[in-house]
Amino acid sequence: MDYSNFLYMREELSLVAVMVILLLYDLFAPERSQRRFQLVACILFGVHTVLNLFPHEEATAFGGMYVYRPMLTVLKSILNVGVLIVFLQAHAWLESEKAVIRRGEFYFLTLSTLLGMYFMMSAGDFLLFFIGLETASIPMAALVAFDKYKHKSAEAGAKYILSAVFASALSLYGISLLYGTTGSLYFDEVAAGITGSPLQIMAFVFFIVGMCFKISLVPFHLWTADVYEGAPTNVTSYLSVISKGSAVFVLMVILMKVFGNILTEWRGMLYGVIVLTITVANVFAIRQKNLKRFLAFSSISQAGYLMLGVISANALGMTSLVYYVLVYMVSNLGAFGVISVIEQKTGKVTMDDYNGLYKTHPYLSLVMTLSLFSLAGIPPFAGFFSKFFIFAAAASEGYYILVLIALLNTIISLYYYLLVVKAMFINPSESPIAPFRSDNYTRVSLVACCAGIVLLGILSVVYQQISLFSFGM
Amino acid sequence: MEEIRMEYYLIISTLMLFIGIYGFITRRNLLAVLISVELMLNSVDINFVVFNRYLFPDHLEGLFFSLFAIGVSAAETAVAIAIIINIYRNIRSIQTRELNTMKH
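Since we're looking at a predicted model, the values are computed, not measured.

## Some details on the overall build of chain A
In step 1: In terms of regular secondary structure, chain A is built from 20 helices and two strands.
In step 2: Its C-alpha atoms give chain A a radius of gyration of 21 Å, near enough to 23 Å, the size a compact globule of 473 residues would have.
In step 3: By its C-alpha atoms, chain A is 65 × 55 × 45 Å across when sized along the principal axes.
In step 4: In chain A, which comprises 473 residues, the share counted as buried stands at 58%.
In step 5: Within chain A, counting contacts between residues at least 6 apart in sequence, those at least 24 apart form 79% of the total.

## Points about the overall build of chain B
In step 1: Along chain B, the regular secondary structure elements total three helices and zero strands.
In step 2: Order of helices (α) and strands (β) in chain B, N terminus to C terminus: α-α-α.
In step 3: Relative to the 2.2 N^0.38 estimate, which gives 13 Å for 104 residues, the radius of gyration of chain B is 18 Å and therefore markedly larger than a compact globule would have.
In step 4: For chain B, the C-alpha atoms occupy an extent of roughly 55 × 30 × 25 Å along the three principal directions.
In step 5: Within chain B, buried positions represent 32% of all 104 residues.
In step 6: Sequence-distant contacts in chain B: of pairs separated by 6 or more residues, those separated by 24 or more amount to 48%.

## Some words on the interface of chain B and chain A
In step 1: The interface is formed by 34 residues belonging to chain B together with 30 residues belonging to chain A.
In step 2: Looking at the side of chain B that touches chain A, the elements with two or more residues in it are helix H1 (6-26), helix H2 (30-54) and helix H3 (61-91) of chain B.
In step 3: Examining the composition of the side of chain B that touches chain A, we find that 16 residues originate from one element, H3(B), more than from any other.
In step 4: In terms of residue class, the side of chain B that touches chain A is built from 26 nonpolar, six polar and two charged.

## So, helix H4 (residues 70-95) of chain A
All names here are of chain A.
In step 1: The end-to-end C-alpha distance of H4, which contains 26 residues, comes to 38 Å, matching closely the 38 Å that a straight helix rising 1.5 Å per residue would cover.
In step 2: Bending of H4 peaks at approximately 35° at the position of Gln89.
In step 3: Counting buried residues in H4 gives 19 out of 26 residues, a clear majority hidden from the surface.

## Let's talk about the confidence of the model for chain B
In step 1: For chain B, per-residue confidence averages 91 on the pLDDT scale, and residues scoring 70 or more make up 98% of the total.
In step 2: Complex prediction metrics read pTM 0.94 and ipTM 0.95.

## Notes on the nonpolar core
In step 1: A:Ala141, A:Val144 and A:Leu321 are the most contacted members of the largest nonpolar core, which has 201 residues in total.
In step 2: If we skip the residues at most four places from it in the chain, A:Ala141 touches A:Gly157, A:Tyr160, A:Ile161, A:Ala164, B:Val79 and B:Ile83.

## Some thoughts on the environment of A:Lys292
All names here are of chain A.
In step 1: Looking at where Lys292 falls in the secondary structure, it is placed in helix H13 (residues 291-312).
In step 2: Owing to 24 C-beta atoms within 10 Å, Lys292 belongs among the buried residues under this scheme.
In step 3: Once residues lying within four places of it in the same chain are set aside, the contact partners of Lys292 are Tyr228, Glu229, Thr233, Thr236, Ile339 and Val349.

## Some details on the packing of H13(A) against helix H17 (residues 382-396) of chain A
All names here are of chain A.
In step 1: Running from N to C, H13 and H17 point in directions that differ by 35°, and their axes come no closer than 8 Å. Taken as a pair, H13 and H17 cross one another with a handedness that is left-handed. Along the contact surface, H13 presents Tyr305, Leu308, Gly309, Ile311 and Ser312, while H17 presents Lys387, Ile390, Phe391, Ala393, Ala394 and Ser396.
In step 2: Counted by class, the contact of H13 with H17 contains seven nonpolar, three polar and one charged residues.

## What about the packing of helix H5 (residues 103-122) of chain A against helix H11 (residues 233-257) of chain A?
All names here are of chain A.
In step 1: H11 packs onto H5 with a crossing angle of 15° between their chain directions and a minimal axis gap of 9 Å. With respect to H11, the axis of H5 lies roughly parallel. Between H5 and H11 lies a crossing of left-handed hand. Taken together, the residues of H11 that come into contact with H5 (itself represented by Thr110, Thr113, Met117, Met120 and Met121) are Tyr238, Ser243, Ser246, Phe249 and Val250.
In step 2: When grouped by side-chain class, the residues that make up the contact of H5 with H11 number six nonpolar, four polar and no charged.

## Quick notes on the environment of A:Ser184
In step 1: Position of A:Ser184 relative to the elements: it lies in the loop between helix H7 (151-182) and helix H8 (187-193).
In step 2: Taking C-alpha positions, A:Ser184 is 9.2 Å from A:Phe126, a pair spaced 58 residues apart along the chain.
In step 3: Once residues lying within four places of it in the same chain are set aside, the contact partners of A:Ser184 are A:Glu189, A:Val190, A:Gly193 and B:Glu61.

## Let's talk about unusual backbone geometry
In step 1: At the junction of A:Val218 and A:Pro219, the peptide bond is cis and its omega measures out at 5° in the coordinates.
In step 2: Take A:Pro219: it is sitting in the loop between helix H9 (198-215) and helix H10 (222-230).
In step 3: Here the phi dihedral of A:Ser216 falls at roughly 55°; this positive angle occurs in a residue that is not glycine.
In step 4: For A:Ser216, the position within the fold is in the loop between H9 and H10.
In step 5: Assessed through the 27 C-beta atoms surrounding it within 10 Å, A:Ser216 is described here as buried.
In step 6: Here the phi dihedral of B:Arg92 falls at roughly 60°; this positive angle occurs in a residue that is not glycine.
In step 7: As for its position among the elements, B:Arg92 is in the segment after H3.

Thresholds, definitions, all that
Residues numbered from 1 in each chain as written. Chains lettered and ligands numbered in written order. Predicted model: local features only at pLDDT ≥ 70, side-chain atom pairs only at ≥ 80, totals over all residues. Helix = DSSP H or I, 4+ residues; strand = E, 2+ residues; numbered from the N terminus. Rg over C-alpha atoms; globule rule 2.2 N^0.38 Å. Buried ≥ 20, exposed ≤ 12 C-beta atoms within 10 Å, placed from the backbone. Contact = placed C-beta atoms within 7 Å. Nonpolar A, V, L, I, M, F, W, Y, C, P; charged D, E, K, R; others polar. Expected span 1.5 Å × (residues − 1). Bend = angle between axes of the 7 residues up to and from the residue. pLDDT = per-residue confidence, 0-100. Core = buried A, V, L, I, M, F, W, Y, C linked by C-beta atoms within 7 Å. Axes fitted to C-alpha atoms, helices over the stretch in contact; angles between N-to-C directions. Left-handed = near helix turned anticlockwise from the far one by under 90°. Parallel < 35°, antiparallel > 145°, perpendicular 65-115°, else oblique.

This is the structure in structure tokens:
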């Protein structure tokens, strides 16, 4: 066997190295150096991020099982930065009395889900894709149920694992029918064998239903709100940003590379799903009082916007999709960072608790406002540009009515995002959240998010760099 | 001796899939829900093996896929049962109607 193939899997190998070092450190390091565990974890992961920042040339390994494209480095780097921000935000929670003994597990489980997403994104075969998907979702269930003594967390974990297994069983059934009709599992050979026969269309429907469960598109979104509310807040932010971003990218690559022959069929299906997703999620978000549930519905509707990039299926769509993931990541992590630090210090998560937050926490309110403005797409911030590009991508393929529906929904979303801003700045409150000092890790992460929200839209070089690596049908 | 036709296996596996979906929706006990999901996963394994054996006997892709699928589904079951045990420790019940603290 030719072991040099492993050299193409640079990102995966260095991530595995980080995981093993952290595991050994957590097990064997003496008591005194245990206190620096989180710092070591963040530094190691930062080194991993920097090492893998630069793309190398296109390659396939293991007979086409593993495919490397420069675009993957871009997306993996984006996800790495997101994970780093999540780690910084989780610091305070993991130092608390209940969680401190299991903090090593948090890092290990998070990195294993990330490894699964790496494999899923680089797959050139349905087998590796499936293994990656499951490696991403099984440790995720353990993370969702991480708060062992909280009923809500366990309940969310059960809901997550059962719907995830259900979804992957449906996907697998679709893959098995595809195998039966084409005789191969490699993406290239399956793509060549797809003729659009009724059995293949049925296989495709099974497959896409399973994937829609993972991305939580309407009408397959019912697990999302409960899981987001019950999971620990830092896990929720990870789930809403990192796993969603990678899954949407993989879906786009598979739809373009494998199902290119039945383009009109899947575009029709996605059209309906996108309209439903954006509209239903927006309408439900309006009536939420718990901020984690509120952001759950907001993230469902954002996933609908992401799918606009998928439906366009060209290079512009891919660029704007990756750019959207980047911007959505900094905005959502900013919002979740504020929620997590306030929940950590006071235990309050409903919208009414945020009344008058500006009086006691001007900076936190500012970060939250910037994030929500960016999520809503208000011009000077990055969210506006990402929405603009993704609408442009959909319009370039002639989906004017779809873009119009999405635009109208942006107005609805502005209403509920501003409800939170109104609560913080205008609503009077007799007992606002008492002032406290947030730790330095959280501060660094929030500053990074704010910088991203303000700068990513203005610096056109970011978008140009991404578009250098994109590829279409 | 006459060989069993492929269609019979496919009928069985399709039936198993839909029985699994039905059970997933209607069962009231978390373990029963888990069993239903396992039924769906097993139907996939049958499909892969049968397609490989009857349609593409000179490659082994389907067989390998079903082996991996069995391994992964075992891991999933282990995690799911661990979570269900945790629920039982918290509320002394694994009925789905008790899992309703989060609504609206």
